[in-house]
Amino acid sequence: MNLYPTTAILTSIIAFAMALLVYLKRPKSTINKAAGLFCFSVGWFSLFLTFLYLSRNKQQAIVYAKLLNAGGFFVPSTFLHFSLAFAGEHIKKRNLILSGYLLSFIFLSSLPTPLVIEGASEKLFGFYYPDAGLFYIFFVLMFFLFCGYSEYAIFKEHKKCKDHLKRNQFKYVLTATGIGFLCAATYIPLVLNMPIPPIGGHFIFACLCLIAYSIARHKLLDITIVIRKTLIYSTLIALITTIYMIGVLLTEKYFQTLFGYESLMITIVIASTIALFFIPIKNKVQHFVDKAFFKGTQEQIARENERLRQEIRRNEKLKAVATLAAGMAHEIKNPLTSIKTFTEYLPERYKDPAFREKFSKIVGNEVDRIDKIVHQLLDFAKPAPLELTEVNIHQILDETLELLSNNLVKKKIKLIREYHRSNPIIKADSNQLKQVFLNIFLNSLDYNVSGLLK
Amino acid sequence: MRNNPTGIIEGDANMKREHVLICDDEEGIRESLNLILSEQYTIGFASNVKEALDYLKDNPQTNLILLDIKMPRVDGLEALRQIKKTQPAIEVLIVTGYRSIETATEAIKNGAAGYIVKPFDKAQILKAVQETLEKKRST
């Protein structure tokens, strides 16, 4: 068994699977559509490359050589489309994308002629390989220009991006596609009769596997896959199986050359030894990928998640404080109104003893109220030790709901109060309980769709 | 008899004054509004919606209510709806601390004649009450 058709068929299977997965998950998304097309082109190319390697005669080989290039001609244009869509520039650079597809169609239309692909001949360890036509060089130029520009577009966006996750995604796509681009470029020299075998082809499927892994694990292309674990497992098994097969073949050949001896038992021993080191290697690779591209191991990610959770809690508290402040600002208006009115009448009524008495009582009470309200706000904002006292939970609920009355009107939410507890007295810290209720009510107002708060 | 904007109907030996009900749960607000309006109008007090409805039953001659939109237990707009249901002819001025267009719109939609924002001043209250009662007299 030779590696060339093996890796080609593997690349084809993985590419077609990715094309289907990526497209079906979000068929309306430009990025997913472009990624699907790109994977399909690679899959098509690889499939007919497999058939070309397995061709028995020249006529068959020529047909497959032309068919594989039918997909190959679209690799640069679909890659450009995907890269620009990923970088968010597909609308701005629409004309460039369309030009790419136009060029691909022009090359495609040349296939019945010998202008771009002349035919096929035996050049690769006895395998057939395509022969370049007169204008193949233009396709080579298109390949390098388009793929190079695509990489540059992603690189530019990566540099500009401030979002941590998106930056990592850009970095990942840049690396995986950069390696894929270099591997794909190794197909070209032999078409032009340069004696350089297309060894890069053995690694393209690995790049596809890594992209599939990133899609599944790190939400590249915004895909959330329910069977994430199965996909990661399957992708890694495909990768590892291939490495395993390569290892077995190479080791078998080495022993045969050394000892001049073929043995099934030796093959089984070699295969079992390699399989033993499998899982540790897989774990190391996973660890490396996470650390290199996603800034951390599982533990670091867990710490980052905890930090983000704390930040969310802090923001919720600030939101509650803001609502409380707004509610209390309104509460302060009442005593201020009374103080204002009484002081307005003071010049004309200060000789009236009844007025003076009322002034003293009302204004004094209202100033005390303002003081109490300000203290409540300060108590809410600062962390305080728990003070358990007997409180009326119905009263706490009413006071908290009063703070939200304007929000209820603004959002047109009807409030229904049904208190079933016959004895509303409980032991609690009233400020902290109010804070808890306020957070609950604020969240329910944010997500309310029924128009009722019960 | 001659009507004038002060609310005092002249020409009547008993100098009949127009009746205004102040409905607010805060004593300070009730006393403040009383201070402003008591010279020209006969004032009634209620500290919640139930008291207001009972007062209106006993005093059907009430022309205007100054209603606080935020009172315990009963939503101010709901109180407005209940009052307008029992006495459709009565005018209601909403008094509130919220300067929001949504609240104003809801109040007007439910039949309020106008909207006063706290903290208010003497002239503002007198003007609002006079204009509302004048409009009522002319209809």
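See the structure shown above.
Values in this document were obtained by computation on a predicted structure and should not be read as measured data.

## What about empty space enclosed by the protein?
Residues and elements named next belong to chain A.
Argument step 1. Following the criterion strictly, the structure yields five cavities of 30 Å³ or more and no others.
Argument step 2. Its volume calculated, the largest cavity comes out at about 430 Å³.
Argument step 3. Residue lining of the largest cavity: 28 residues in total, with Val42, Val75, Phe143, Ala184 and Ile204 positioned closest to the centre.
Argument step 4. Of the residues that constitute the lining of the largest cavity, the class distribution is 23 nonpolar, five polar and no charged.

## Brief notes about the packing of helix 4 (residues 75-86) of chain A against helix 5 (residues 94-109) of chain A
Residues and elements named next belong to chain A.
Argument step 1. Direction vectors running N to C along helix 4 and helix 5 enclose 165 degrees, while the axes themselves pass 8 Å from each other. As summarised for this structure, helix 4 and helix 5 are arranged roughly antiparallel, according to the angle between their axes. Between helix 4 and helix 5 the crossing geometry is left-handed. Where helix 4 abuts helix 5, its residues Ser77, Thr78, Leu80, His81 and Leu84 lie against Leu96, Ile97, Gly100, Tyr101 and Ser104.
Argument step 2. For the contact of helix 4 with helix 5, the class distribution of residues is five nonpolar, five polar and no charged.

## Digging into the pairing of strand 5 (residues 425-428) of chain A
All names here are of chain A.
Argument step 1. Side-chain alternation along strand 5 places Ile426 and Ala428 on a buried face and Ile425 and Lys427 on a face that remains uncovered.
Argument step 2. Pairing analysis gives four bridges linking strand 3 (residues 389-392) to strand 5, with the strands arranged antiparallel. The residue of strand 5 that forms the bridge with Asn392 is Ile425.

## Thoughts on the interface of chain A and chain B
Argument step 1. Taken together, the 29 residues of chain A in the interface contact 25 residues of chain B.
Argument step 2. Taken together, the two surfaces of chain A and chain B that pack against each other cover about 2,700 Å², and 51% of this comes from carbon and sulfur.
Argument step 3. Summed over the shared surface of chain A and chain B, the number is five salt bridges.
Argument step 4. As a salt-bridge pair, A:Glu348 and B:Lys122 come within 3.5 Å of each other at their nearest N and O atoms.
Argument step 5. For the interface between chain A and chain B, the tally reads nine residue pairs in polar contact (both at pLDDT 80 or more).
Argument step 6. Sorting the residues of the side of chain A that touches chain B by element identifies helix 13 (298-349), helix 14 (353-381), helix 15 (393-403) and helix 16 (405-410) of chain A as the ones contributing at least two each.
Argument step 7. With 13 residues, helix 13 of chain A is the largest single contributor of residues to the side of chain A that touches chain B.
Argument step 8. When the residues that make up the side of chain A that touches chain B are grouped by side-chain class, the tally is seven nonpolar, seven polar and 15 charged.

Reading the values: the criteria
- Residues numbered from 1 in each chain as written.
- Chains lettered and ligands numbered in written order.
- Predicted model: local features only at pLDDT ≥ 70, side-chain atom pairs only at ≥ 80, totals over all residues.
- Heavy atoms only, no water.
- 1 Å grid on protein atoms, 1.4 Å probe; cavity = no way out; pocket = protein on both sides within 12 Å on 5 of 7 lines; lining within 4 Å.
- Points joined across faces, edges and corners; volume = space filled by probe spheres on them.
- Nonpolar A, V, L, I, M, F, W, Y, C, P; charged D, E, K, R; others polar.
- Axes fitted to C-alpha atoms, helices over the stretch in contact; angles between N-to-C directions.
- Helix = DSSP H or I, 4+ residues; strand = E, 2+ residues; numbered from the N terminus.
- Parallel < 35°, antiparallel > 145°, perpendicular 65-115°, else oblique.
- Left-handed = near helix turned anticlockwise from the far one by under 90°.
- Contact = heavy atoms within 4.5 Å.
- Buried < 20%, exposed > 50% of the residue type's maximum accessible area, 1.4 Å probe, protein only.
- Pairing = 2+ DSSP bridges.
- Buried area = accessible area lost by both parts, 1.4 Å probe.
- Salt bridge = Lys/Arg side-chain N within 4 Å of Asp/Glu carboxyl O.
- Polar contact = N/O pair within 3.5 Å; in protein donor to acceptor, adjacent residues only side chain to side chain.

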